[in-house]
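Examining the three-dimensional arrangement
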Amino acid sequence: MMLPLRIIRSRLLRTKEITLPLLRPQARSSSYSTKGSSSSPSSLRRIVTIIGVAGVSTPCLWWLMSGTQVQGDSNDNVPSLDEGTPPEQGQLGTEYDLTSRLSKEQVTKLISQDAYSFLVKNVAGVNRYDGAQVASNSPCEDRYAHGKVPSPFPLGNYDDGGGGGGDQQWMAWAVFDGHSGWQTADLLERQLLPFVRRRLEQAQLDSGIGSDEVVQEAVKQGFTDLDASIFGTALDTAQSSRVPLQEKVERLLPAYAGSCALLSLYDPATRNLHVACTGDSRAVLAQQLPDGSWETIPLSIDQTGSNDEETARICKEHPGEKDIVKDGRVLGMMVSRAFGDGQWKWPLEVQRDMKRRFHGPGLLPPRYDVRTPPYLPAEPVVTSTRIDPSRPSFLIMATDGLWDMLSSQQAVDLVGKWLVSSRKELDHTHGQFDFGHFRNGVNWESIEERATVQDENAAVHLVRNSLGGNHHELVSGKLAFTPPHSRRLRDDITVQVVFFDGTDPEKRSS
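Thresholds, definitions, all that
Residues numbered from 1 in each chain as written. Predicted model: local features only at pLDDT ≥ 70, side-chain atom pairs only at ≥ 80, totals over all residues. Heavy atoms only, no water. Axes fitted to C-alpha atoms, helices over the stretch in contact; angles between N-to-C directions. Helix = DSSP H or I, 4+ residues; strand = E, 2+ residues; numbered from the N terminus. Parallel < 35°, antiparallel > 145°, perpendicular 65-115°, else oblique. Left-handed = near helix turned anticlockwise from the far one by under 90°. Contact = heavy atoms within 4.5 Å. Nonpolar A, V, L, I, M, F, W, Y, C, P; charged D, E, K, R; others polar. Pairing = 2+ DSSP bridges. Salt bridge = Lys/Arg side-chain N within 4 Å of Asp/Glu carboxyl O. Buried < 20%, exposed > 50% of the residue type's maximum accessible area, 1.4 Å probe, protein only.

- If you check an unreviewed UniProt entry, the chain appears there as PPM-type phosphatase domain-containing protein from Aspergillus versicolor CBS 583.65.

**Side note on the packing of helix α4 (residues 104–112) against helix α13 (residues 472–480)**
- The N-to-C vectors of α4 and α13 enclose an angle of 55°; their axes lie 11 Å apart at closest approach. Here α4 lies oblique to α13, going by the angle between them. Seen from above, α4 lies across α13 with left-handed handedness. Across the interface between the two elements, Lys104, Val107, Leu110 and Ile111 of α4 pack against His472, Val475, Ser476 and Leu479 of α13.
- Looking at the contact of α4 with α13 residue by residue, the class counts come to 5 nonpolar, 2 polar and 1 charged.

**Quick notes on the sheet that holds strand β5 (residues 126–134)**
- Read across the open sheet, the 6 strands follow the order β4-β5-β17-β16-β10-β11; overall the sheet is antiparallel. The two strands at the open ends of the sheet, each matched to only one other strand, are β4 (116–119) and β11 (294–298). With strand direction ignored, the average angle separating the axes of adjacent strands in the sheet is 15°.
- Pairing of β5 with strand β17 (residues 493–500), which is carried by 8 bridges, proceeds in the antiparallel orientation. Each bridged residue has a counterpart across the sheet, and for Gln133 the counterpart in β17 is Thr494.
- With respect to the sheet, helix α12 (residues 458–467) is in contact with β5, β16 (393–398) and β17, its orientation differing from that of β17 by roughly 135°.

**Focus: the pattern of salt bridges**
- Taken as a whole, this structure holds 18 salt bridges when the rule is applied.
- In this structure, Asp186 engages Arg190 in a salt bridge whose closest nitrogen and oxygen atoms are separated by 3.4 Å. Highlighted residues: Asp186 and Arg190, both in helix α5 (residues 183–207), separated by 4 residues, approximately one helical turn.
- With a relative accessible area of 17%, Asp186 lands in the buried category.
- Arg197 is the partner of Glu201 in a salt bridge, and the nearest nitrogen-oxygen pair spans 2.7 Å. Highlighted residues: Glu201 and Arg197, both in helix α5, separated by 4 residues, approximately one helical turn.
- Judged by its relative accessible area of 29%, Glu201 is partly exposed.
- For Arg197, a relative accessible area of 26% translates into the label partly exposed.
- It is possible to trace a salt-bridge network through shared partners that takes in Arg143, Asp186, Glu189 and Arg190.

**Regarding unusual backbone geometry**
- At the junction of Pro365 and Pro366, the peptide bond is cis and its omega measures out at 5° in the coordinates.
- Note that Pro366 resides in the loop between α9 (348–358) and β15 (381–386).
- Of note in this structure, Leu331 is not a glycine but carries a positive phi near 50°.
- Mapping Leu331 onto the fold places it in the loop between β13 (329–330) and β14 (339–340).
- The backbone of His359 sits at a positive phi, close to 50°, despite the residue not being glycine.
- Overall, His359 belongs to the exposed group, its relative accessible area being 66%.

Written as structure tokens, this is what we have:
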């Protein structure tokens with residue numbers, strides 16, 4: 001039995017330093033390695049300090065001996081830290097060698113590493129499309145999708161009698177701008193097109209025709225179906241007694257986070273381009289005029305708290321609630337429509353339960369007066385535009401990381417310039433620069449004087465010009481920032497550029 005500590009203290013007699021041999025296990029086989037060990041007695045001994053205690057049990061003796069120091073093999077595997085030599089004042093950090101890492105070639109490599117380009121040969125009306133993405137968040141919160149999809153309408157089921165459809169392929173392009181995480185955008189990348197396609201197929205069964213109105217309504221229903229599924233899955237998961245906690249959290253995250261969505265569907269039978277927008281990603285169509293300039297046609301309108309139509313809609317849906325929209329934000333959120341974002345959609349009692357049981361997002365109250373959620377619908381605004389085959393035209397789709405720096409007209413003019421470029425316009429010398437120059441008259445956004453043509457990919461071309469164009473020091477300075485600091489200078493940027501028949505980037509001068 002262990003004696004009380006007060007008794008042990010009263011029976012301490014003396015301390016004495018002795019040496020004991022280390023116990024060595026017997027080798028299991030002749031192959032037991034002794035390489036690096038020493039047969040010297042000193043390597044097989046340890047120094048211990050024993051406190052003589054009268055009547056102390058063995059476990060207590062072990063406890064008193066636990067401060068043992070071992071002298072063993074000097075050839076161990078413990079890493080050695082090279083202390084190095086401290087740099088001179090002003091030289092700390094030069095070991096990163098940013099000048100080498102972000103040379104002009106490295107900048108090009110960085111903004112091109114996730115780029116893609118596809119020639120389209122089997123879908124009438126589309127020539128080629130380019131895409132690019134540059135992250136600011138880690139991981140990137142943007143996602144995108146592109147490719148062919150089967151036509152949802154059978155042969156001849158078009159109200160204009162134009163035929164087509166059947167086994168023809170449509171084209172689809174999409175960008176998803178996530179916020180408060182990547183999980184919602186990641187789900188949209190995988191599931192939005194299947195939800196929309198299911199509604200389109202149901203529409204043709206119900207109506208038998210593929211009019212613009214039928215397509216628009218089906219796309220809207222596909223969007224709202226998916227958002228309802230996100231929250232239905234979350235609530236069912238929260239109540240389940242069979243789903244483990246880790247899986248519950250993974251299913252809840254798309255409802256905690258949020259995302260904008262911009263989807264374009266091109267029907268080659270009618271040459272109609274259907275564009276659905278939820279949030280503030282943007283689509284613009286460019287058509288060439290007889291004088292060679294490019295007309296910019298907006299195919300979506302940014303849905304934010306600064307949009308008067310959106311503000312009027314919100315106030316109508318929530319009468320009597322003051323300050324829902326303030327300083328261009330909806331209860332603190334920039335966008336006025338989005339997927340996910342449970343804080344703006346769940347009743348307060350559900351939010352409290354999610355917060356308590358699954359560490360959900362914090363409640364908007366008391367800072368914001370939340371009375372009648374949901375406030376951020378996922379229903380998109382859908383437009384339909386016929387692509388004129390007699391006029392060169394192209395489509396630009398991008399998340400707001402691009403539009404923060406470029407206007408729609410600037411983006412169109414840059415691609416127009418890229419199409420007719422006869423030479424590579426390299427970087428200019430702008431002299432010594434730092435970000436303080438933006439407070440002294442230097443324009444933060446893209447300007448004509450910094451426009452450049454250096455890239456074979458039209459989407460990369462837009463990314464470069466949004467970051468600073470021919471001003472290498474500005475571009476490399478922005479890219480030198482890593483998360484989370486990079487968010488002060490730039491957002492995730494995702495761009496897609498689609499060239500329709502009559503606009504052939506393969507024939508551009510190089």
